[in-house]
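Spelled out from the first residue to the last, the chains are:
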Amino acid sequence: ITLKAPYEIDLKDVHYTYPKTDKEILHGLNLTIKNGEKLAILGRSGAGKSTLASLLRGDRTPDSGSITLNGISTDQFGNQIANYFSIINQNPYLFNTTIGNNLRLGNEDATDDQLWDVLRRVGLDQMVEKLPQGLETEVDEAGLRFSGGERHRLALARILLKDTPIVLLDEPTVGLDPITEQAVIDTFMTQLKGKTLIWITHHLQGIDQMDQVIFLEDGKIYMQGSPKEL
Ligand code: ATP
Ligand code: MG
């Protein structure tokens, strides 16, 4: 599957029930996400936000209705969806290998120059320069030697290397203090300019920088508009 810009995501009357359960979680969602749009998905715990994220990425198939990227069902892409979508979840995971290898998960052919470039873009170049072995420094204990904000920035650096047109962030700044959170949000916004950004969040910080906001409640969209309208 080869798609070209502009990339448009379209949801039509999407219903979803988890397998082996009888409780419908999403009850008929309609939504269009335009190329380059910044969309925030707000809603309380259990509202169905992460469920929607997995459907958007094609990991799950709606019971009825459709989710398409440029007219093709997202569940038809298989592994190729990774060419178009990248995701950061809360508590981004770092593997027990070097920083360079962690970043190259985004693009295994990236040169050291490219790694330094993305580190600079996320504001981590000076920190990594100070480490004993730079890019070759081992990330101990699944990244615990990095602070929350640093791990989020490394995850973003990985996504920048991957350079997909659509980025989905599922509560990517959970657990950060408000000042670090705002700094991470600002870096995301600047560095992902031009890309489609879907931002799932519990709270309102950073919302005014988005083009469209939807509130999900009990598996339905009950408010939708620009931040100014809401
Ligand atoms: P949070 O803000 O806490 O992350 P959320 O809005 O992301 O919440 P979801 O994780 O999408 O909510 O969950 C929506 C509903 O689906 C919840 O009632 C949850 O219990 C149920 N659910 C989530 N994952 C599964 C699963 N794998 N199997 C069955 N039910 C699930
Ligand atoms: Mg969730």
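Residues numbered from 1 in each chain as written. Chains lettered and ligands numbered in written order. Predicted model: local features only at pLDDT ≥ 70, side-chain atom pairs only at ≥ 80, totals over all residues.

## Quick notes on the pairing of strand E3 (residues 38-42)
Most of E3 sits inside the fold, with five of its five residues counted as buried. The alternating pattern of E3 places Lys 38, Ala 40 and Leu 42 and Leu 39 and Ile 41 on opposite faces, both of which are buried. In this sheet, strand E8 (residues 196-201) lies alongside E3 in parallel orientation, the contact comprising five bridges. Each residue of the ladder has a partner; that of Ala 40, found in E8, is Trp 199. Here four bridges tie E3 to strand E9 (residues 212-217), and the two strands are oriented parallel to one another. Counted as the bridge partner of Leu 42 is Phe 215 from E9. (Buried ≥ 20, exposed ≤ 12 C-beta atoms within 10 Å, placed from the backbone. Helix = DSSP H or I, 4+ residues; strand = E, 2+ residues; numbered from the N terminus. Pairing = 2+ DSSP bridges.)

## Some remarks on the sheet that holds strand E10 (residues 220-225)
Spatial ordering of the open sheet is given by E6-E7-E8-E3-E9-E10, a layout of six strands whose pairing is mixed. Here the strands that pair on one side only, and so sit at the sheet edges, are strand E6 (85-88) and E10. In this sheet, adjacent strand axes meet at a mean angle of 20° when their direction is disregarded. Helix-sheet contacts for helix H1 (residues 49-56) involve E3, strand E7 (166-170), E8 and E9, and the interaxial angle to E7 is about 155°. (Axes fitted to C-alpha atoms, helices over the stretch in contact; angles between N-to-C directions. Contact = placed C-beta atoms within 7 Å.)

## Concerning the pairing of strand E1 (residues 9-17)
One ladder, built from seven bridges, connects E1 with strand E2 (residues 24-33); its direction is antiparallel. Bridged to Tyr 16 within E2 is Leu 26. Here E1 hands over to E2 after six residues, with Lys 20 in that stretch at a positive phi of 65°. Bridge count for E1 against strand E4 (residues 64-69) is five bridges, and the pairing is antiparallel. Bridge pairing links His 15 to Ser 64 in E4.

## Observations concerning the site of ligand 1
The full set of residues close to ligand 1 is Tyr 18, Thr 21, Ile 25, Gly 43, Ser 45, Gly 46, Ala 47, Gly 48, Lys 49, Ser 50, Thr 51 and His 202. Here the residues of the shell around ligand 1 are counted per class, giving three nonpolar, eight polar and one charged. (Near = placed C-beta within 6 Å. Nonpolar A, V, L, I, M, F, W, Y, C, P; charged D, E, K, R; others polar.)

## Digging into the nonpolar core
One finds Ile 41, Ala 157, Leu 168, Ile 198 and Trp 199 to be the most contacted residues of the largest nonpolar core, which totals 57 residues. Excluding anything up to four places from it in sequence, Ile 41 contacts Lys 49, Leu 52, Ile 198, Trp 199, Ile 200, Ile 214 and Leu 216. (Core = buried A, V, L, I, M, F, W, Y, C linked by C-beta atoms within 7 Å.)

## Comments concerning unusual backbone geometry
Residue Pro 6 is reached from Ala 5 by a cis peptide bond, and omega for that bond is -5°. Turning to its location among the elements, Pro 6 is positioned in the segment before E1. Of note, Asp 218 is a non-glycine position whose phi angle comes to about 50°, a positive value.

## Description of the sheet that holds E4
Judged by pairing direction, the sheet is antiparallel, and its four strands sit side by side in the order E2-E1-E4-E5 without closing on themselves. On the outer flanks of this sheet lie E2 and strand E5 (72-73), each paired with one strand and no other. Most of the contacts of H1 go to E1, to which it runs at about 120°, and overall it touches E1, E2 and E4.

## Focus on helix H6 (residues 178-191)
Every α-helix winds through 3.6 residues per turn, so residues three or four apart in the chain are directed the same way. In this model H6 runs 20 Å from its N-terminal to its C-terminal C-alpha over 14 residues, within 8% of the 20 Å that 1.5 Å per residue would give. Along H6, the residues classified as buried are Glu 181, Val 184, Ile 185 and Phe 188. The buried residues of H6 occupy an angular sector of 100° when the element is viewed end-on, so they sit on one face. Exposed side chains of H6 directed beyond 90 degrees from the buried face belong to Ile 179 and Thr 190. For H6, the elements touching its buried residues are helix H5 (148-162). (Expected span 1.5 Å × (residues − 1). Arc of directions from axis to C-beta.)

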